[in-house]
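# A look at the structure
Here's the letter readout for the chains.
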Amino acid sequence: MNRPAPTPAASLTRVPGLLYGGDYNPEQWPEEVWAEDAALMREAGVTMVTVGVFSWARLQPGPDSWDFAWLDRLLDLLHSHGIAVDLATATASPPAWLVRADPTVLPVTADGVRLEFGSRQHYCPSSPAYRDAALRLTRALAERYARHPALALWHIHNEYGDHVAECFCPRSAEHFRAWLRERYGTVEALNHAWGTAFWSQRYATYDEIEPPRTAPGPVNPTQLLDWRRFCSDALLALHRAEREVLTEVSPGIPATTNFMSMFKALDYWEWARHEDFVSDDAYPDPSDPRAHVAASLNYDLMRSLKGNAPWLLLEQAPSAVSWRPVNVPKKPGLQRLWSLQALARGADGVMYFQWRASRAGAEKFHSALLPHRGTASRGWAETVRFGAELGRLADVAGSRLDADVAIVLDWDSWWALEGADHPSARMRWPDLLRPWYAALHARGITVTFVPPDADLAGYRAVLAPSLYLLRPEQARRIADHVRGGGHLVCGPFSGVVDAHDHIHDGGAPGPLREVLGLSVDEFWPVPDGESTALASGAEATLWTEWIVPEGAETVDTYASGSLAGLPAVTRHAYGAGTAWYVSGHLAEGIGDVLDRALGAAGVRPVLDVPEGVEVTVRTGAQGTYLFLLNHGDQPARAPLTGAYAAGGTDLLTGRAVHDKVTLEPLGAAVVRVAPVSAPVPESALGAGSGSGSGLDSDSDSPGGTAP
């Protein structure tokens, strides 16, 4: 399964090199401060700032009054200093005059409470008044600034769904019914899909249907699933409406909206289809010693959403945030390291919230590139140093990072998995995913996330930590991948229900039964605080299953509890490939299973590096770039072997690198290792962070050291 060399990607915007900057909120400051800001931005190496995210009330003080003069002056000032602008449509926070003129703009909770003005995102996604006003503002901005020389990017809205992902008001109910009519056509089809024969829930007309408001007992699970789908679509409709205005009035200017990493409320596969490129807001916790692993997972997802194309880290904190119970700052060097990690995972720029620290408001204790203490502060010194370093990495822009391993992620399955009245309320998609991803990260294996209907050609292995909801056509794609020589590792509680959240005939794993070679006789969740031992020494928490092999070979068995002696992990030869099934939540123990499965698939890390060192490779028209990041608190030495044995040049320092790279604690290197015309080695196309544990090619052996 040879993967073709990645093709070069175009720049995200018309700004050359890697983007650097942050949210700039000049309406919070006297105008005489703006010139100082622009000069300091230039000193720091800032190339682009986001402007206008929360400026609606300043831009439109009343229903028929507008004030663009201040924004005219600001954009002219920034352009004169060589600073490009990511101009926001400012629609995330409706002004007071709008919600007072029409209180139905404000959102309503499931138990009937109308949320008030005084925060942000205080709008109902189905409100015609909000939509009309938002589109009017978007058009006014586009008509005025479409040809302004500072404009490099449109920033639509801000963090959709962060505070209000749903509304239960009468207008939302009307919108939901219209969405259901389009989805099902007849009410008879809806009754079948929702299983309304249960508990006498049958509907005679669509007019009888309401949103899943607070009810006496459990709400229909398929209604809840469709509500999640609807809410994502309702917000997406707002985004698309603004995007259509921008495309009409300012063609050729790219547009994005900032995602929020692994965010449950919105189906980012569908949302990404309507973006020129993906951008993300990420806030790892400096007090968490494993925060970089979760950040890596999120960045791999962002890169994956548009086929491994470069993306933009649009927001992060220079140091502390303001919204955790305890807001720990980033120690010296950590902001630099974590920013480089985003680049290592495919970003073409790193930006921050925000440029100048606020003096008032809910985020006045949130860090900024220019802190309250000003240019005498530690934070400012780091801002300037890192801006200079990014300038030395300009050639990295447009290069790509690919992987030989895919993880299947489906929002439908996520939403359905976390429904009520399941065998265990502890089965949460992020909790099931994280141990699998952490094991791969520790072994130096980079992954691409894919939807369940993706083309799987070229991936050596496909991992599905849980696919609770699975359509037959999706299962056929996965089976075809294995039949053709691919390797599948499937986790528990998979293939349980169809698109309507109905149990598949014959029970789990439903349409995966043939490829996995087994049936699930009974789910056997593990009570809190308990675990079930396996013969291999691994332990299952949260979940186990009574499975019956139907051609699959038993690889590991349960060694304690009611399932003692029964299969826990199986392997099934199917066509030219192999399908593994892990029937329990193994947490740390999943690494041994992945060693065997990925070893058999021929998956290898780029380099064998010390624990805590993360390695990725980006390849593009200008060359190949080896990123090495030391997340540990001790110096580390990474030997350069194989395709990288000849060394290269560390772009951060300009120094030549030969057979090894020495990294200080929180240190990093970006080694340019290949000339423009060099072919891309196959082994360079999967990368990650290593512990030196490796993967064994013998599927009957649990591990070893990779060559």
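Along each chain, residue indices are assigned from 1 in the same order as the chain's sequence is written. In view of the model being predicted, local features appear only for residues whose pLDDT reaches at least 70, and side-chain atom pairs are presented and counted only at 80 or more, with totals across whole chains, interfaces and linings using the full set of residues. Only heavy atoms go into the side-chain values, all of them from the structure, while hydrogens and water stay out.

## Brief notes about the side chain of Asp556
In DSSP terms, a helix is any run of H or I states spanning at least four residues, a strand is any run of E spanning at least two, and both are numbered starting from the N terminus. For Asp556, the position within the fold is in strand S18 (residues 553-557). Among the polar contacts listed, one links the side chain of Asp556 to the side chain of Ser536, at a separation of 2.4 Å. Residue contacts are counted whenever heavy atoms from the two residues lie within 4.5 Å of one another. With sequence-adjacent residues up to four places away left out, Asp556 is seen in contact with Leu534, Ala535, Ser536, Pro567, Ala568 and Val569. Counting of polar contacts relies on pairs of N or O atoms within 3.5 Å, with two restrictions inside protein: one atom must be capable of donating a hydrogen and the other of accepting it, and residues adjacent in sequence are counted only when both atoms are side-chain atoms.

## Regarding the pattern of salt bridges
For this document, the term salt bridge refers to a Lys or Arg side-chain nitrogen within 4 Å of an Asp or Glu carboxyl oxygen. Evaluation of the coordinates by the stated rule reveals 37 salt bridges. When the shortest N-O distance is used, the salt bridge between Arg183 and Asp226 registers 3.4 Å. Here the residue Arg183 occupies a position in helix H6 (residues 170-184), and Asp226 occupies one in helix H8 (residues 221-249), the gap between them amounting to 43 residues. Partly exposed describes any residue whose relative accessible area lies between the buried limit of under 20% and the exposed limit of over 50%, with all areas from a 1.4 Å probe on protein chains only and scaled to the type maximum. For Arg183, a relative accessible area of 36% puts it in the partly exposed group. Take Asp226: its relative accessible area is 0%, and that puts it in the buried class. With its nearest N and O atoms 2.6 Å apart, the salt bridge here joins Asp595 to Arg443.

## Some remarks on the nonpolar core
Throughout, nonpolar core names a set of buried Ala, Val, Leu, Ile, Met, Phe, Trp, Tyr and Cys residues whose side chains join them through atoms within 4.5 Å. Core analysis: the largest hydrophobic core is formed by 174 residues, its most contacted members being Leu71, Tyr268, Leu393 and Phe449. At nine residues, the largest contribution of residues to this core is made by helix H5 (residues 128-145). If we skip the residues at most four places from it in the chain, Leu71 touches Val51, Leu59, Leu87, Leu141 and Tyr145. Residues Leu607, Leu628, Ala638 and Val671 belong to the second largest nonpolar core, which totals 18 residues.

## Side note on the packing of aromatic side chains
Aromatic pairs are defined between Phe, Tyr and Trp rings, using the six-membered ring for Trp, whenever the two ring centres lie within 6.5 Å; interplanar angles under 30 degrees are classed as stacked, those over 60 as edge-to-face, and all others as tilted. Summed over the entire model, instances satisfying the criterion amount to 29 aromatic pairs. A centroid spacing of 6.3 Å and a plane angle of 55 degrees characterise the contact between Trp56 and Tyr130, whose relative ring orientation is tilted. Pair noted here: Trp56 is in helix H2 (residues 56-59) and Tyr130 is in helix H5, with a separation of 74 residues, a long-range link. On the basis of relative accessibility, which here comes to 0%, the residue Trp56 falls in the buried class. Accessibility expressed as a relative area gives 1% for Tyr130, which makes it buried. Residues Phe68 and Tyr145 carry aromatic rings whose centres are separated by 6.2 Å and whose planes lie at 75 degrees to one another, so their mutual orientation is edge-to-face. With Phe68 in the loop between H2 and helix H3 (69-80) and Tyr145 in helix H5, this residue pair connects regions lying 77 residues apart in the sequence. Of the two residues examined, Phe68 and Tyr145, each falls in the buried class. Grouping aromatic residues by their ring pairs yields a cluster made of Phe168, Phe176, Trp179, Trp194, Tyr203, Trp227 and Phe230. The ring of Trp70 is capped by Arg58, whose NZ or CZ atom sits 4.6 Å from the centre of that ring. A cation over an aromatic ring shows up here: Arg356 above the ring of Trp29, its NZ or CZ 5.2 Å from the ring centre. Two limits define a charge over a ring: the Lys NZ or Arg CZ must be within 6 Å of the ring centre, and within 35 degrees of the ring normal.

## With respect to the side chain of Arg618
Mapped onto the elements, Arg618 comes out in strand S21 (residues 613-620). Taking relative accessible area as the criterion, Arg618 reaches 0% and is therefore assigned buried. In this structure the side chain of Arg618 is engaged in a polar contact, spanning 2.8 Å, whose partner is the backbone oxygen of Leu343. At 2.7 Å, the side chain of Arg618 and the side chain of Asp348 are in polar contact.

## Re the confidence of the model for the protein
Any residue range with low pLDDT should be treated as having predicted coordinates unsuitable for detailed reading. In the predicted model, the protein carries a mean pLDDT of 93, and 94% of its residues have values of at least 70. Per-residue confidence from the predictor is reported as pLDDT, a score between 0 and 100. In the predicted structure, residues 1-9 sits below a pLDDT of 50 and forms 26 contacts with residues beyond four places in sequence or in another chain. Across residues 675-707, confidence stays below pLDDT 50; counting only partners more than four residues off in sequence or on other chains, it has 109 contacts.

## Some points on the sheet that holds strand S2 (residues 48-51)
The strand order across the open sheet formed by nine strands is S5-S4-S3-S2-S1-S9-S8-S7-S6, and the pairing between neighbours is parallel. The open sheet is flanked by strand S5 (255-256) and strand S6 (258-259), the only strands paired with a single partner. Strands are treated as partners if at least two bridges between them are detected by DSSP. Where strand S3 (residues 84-88) meets strand S4 (residues 151-155), four bridges bridge the pair, whose relative direction is parallel. Bridging from a neighbouring strand, Leu87 pairs with Trp154 of S4.

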